[in-house]
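Read off the chains here:
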Amino acid sequence: MALLPFRTESNTYSTSVTMDASTVGDTTVTAAVYASRELEPAILEAIYDHGSGIEFKPFYNKANDYEHAVRRDFTEAVLQEFPEHIRVFSHRQSLDGNEDTQQVEAVHSAIHVHDILNTVAEPPAVIVDGNEQQAKPFVAALGGLRDDRPLVAHCQKSEFYYPAALLADLASNHLAHRINSTDTMPRAGELVIPAPRAKHHRGQDWGQAISATYRNSPEYTPPTLPALRGNTVRERVNCWYEGAVMPHEGVDEPMSDSVTRVVNALQRNGYDDLAEKLREL
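The structure presented is a predicted model; accordingly, all values stated were derived computationally and were not measured.

Engineer: For this particular structure, what's the right way to read the sheet that holds strand β5 (residues 86-92)?
Structural biologist: Backbone-to-backbone hydrogen bonds join strands into a sheet, with any given pair of strands oriented parallel or antiparallel. Strand order in the open sheet formed by five strands is β5-β4-β3-β6-β7, with mixed pairing between adjacent strands. Each edge of the open sheet is held by one strand with a lone partner, namely β5 and β7 (151-155). When strand polarity is set aside, the average angle formed by the axes of neighbouring strands in this sheet is 20°. Here ten bridges tie strand β3 (residues 15-24) to strand β4 (residues 27-36), and the two strands are oriented antiparallel to one another. Opposite Val24, over in β4, you have Thr27 as the bridge partner. Sitting on the sheet, helix α4 (residues 101-117) touches β3, β4, β5 and β6 (125-129), and the angle it makes with β4 is about 30°.

Next up, the structure:
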């Protein structure tokens, strides 16, 4: 494995679920990406390769840095490489009501994670994009669907730290633009990744999860994952390698911005081209 696992004081995690949401007009789309640490370099390599035409730079750029028309082909090419790892829900206020986008994102994310936990043998680390105020409603919504809770952490600007989170950012933003551009919901085959309306297609789960967000907020204590802040691309590459999150701006930077150990690890695992790209940062 080219990357270190996510690790707390008592456990390690070799897979993760990263999530992001985008709202365009009255359309909110939430994407979740389930990926192993072994797959993450492949996601990064695909983003580099398909994004070269528009000079898209992982660990530095995100979806909103480019006009949708400029990045449409690039985004669809990346998404087509990992369809089985991406889950998407949509919400249109004109059809589904509920203008509280944070609540919609929390409920979508909870259903995504609930579905993933029902299909995997080993629980993943779940990384919520944002601060504790984003993590708490997600935890509340998930509690409406199941009693057991996976490891849940939050990471501000996670799309700058994790290629899988960047994939979720690209997916949610692209699909929100696509869906919002039409008067009616596009058919599944018209989208590169299906984006069903959760309130319509998963009504029971939606109801249970959203009801849970109105109850008293559950306890959420950030886990003891490594906490680091990357102020430069090279520092964020090190955070990614370490399995570190940025829970707030006050955490330390990595001890070094050298990417040599990351480059060496990628080369040992057959990612020579990707290693060379990171060496040149």
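Engineer: Explain unusual backbone geometry here, please?
Structural biologist: Apart from glycine, the bulk of residues carry a negative phi angle, and the bulk of peptide bonds sit in the trans form. Here the phi dihedral of Glu55 falls at roughly 55°; this positive angle occurs in a residue that is not glycine. The topology assignment puts Glu55 in the loop between α1 (40-51) and α2 (68-79). Take Glu55: its relative accessible area is 56%, and that puts it in the exposed class. One non-glycine residue, Phe59, lies in positive phi territory at about 70°. When you line up the elements, Phe59 lands in the loop between α1 and α2. Given a relative accessible area of 2%, Phe59 falls into the buried group.

Engineer: Where do I start with the packing of aromatic side chains in this structure?
Structural biologist: Aromatic rings considered in pairs are described by the distance between their centres and by the relative angle of their planes. Taken as a whole and assessed by the stated rule, the structure comprises four aromatic pairs. Measuring from centroid to centroid gives 4.9 Å for Phe56 and Phe74, while their planes differ by 40°, and the two rings are tilted. One end of the pair, Phe56, is in the loop between α1 and α2; the other, Phe74, is in helix α2, with 18 residues separating them in the sequence. Using a relative accessible area of 3% as the deciding quantity, one classes Phe56 as buried. Relative to Trp240, the ring of Phe59 has its centre 5.7 Å away and its plane inclined at 50°; by these criteria the two rings are tilted. Note that Phe59 is positioned in the loop between α1 and α2 and Trp240 in helix α9 (residues 233-242), a separation of 181 residues in sequence. Per residue, the accessibility class of Phe59 equals that of Trp240, and both read buried. Members of the aromatic cluster, connected to one another through ring pairs, are Phe56, Tyr66 and Phe74. The aromatic ring of Phe6 is capped on one face by Arg37, whose charged end is 4.6 Å from the ring centroid.

Cut-offs applied
- Residues numbered from 1 in each chain as written.
- Predicted model: local features only at pLDDT ≥ 70, side-chain atom pairs only at ≥ 80, totals over all residues.
- Heavy atoms only, no water.
- Pairing = 2+ DSSP bridges.
- Helix = DSSP H or I, 4+ residues; strand = E, 2+ residues; numbered from the N terminus.
- Axes fitted to C-alpha atoms, helices over the stretch in contact; angles between N-to-C directions.
- Contact = heavy atoms within 4.5 Å.
- Buried < 20%, exposed > 50% of the residue type's maximum accessible area, 1.4 Å probe, protein only.
- Phe/Tyr/Trp six-rings, centres within 6.5 Å; stacked < 30°, edge-to-face > 60°.
- Lys NZ or Arg CZ within 6 Å of the ring centre and 35° of its normal.

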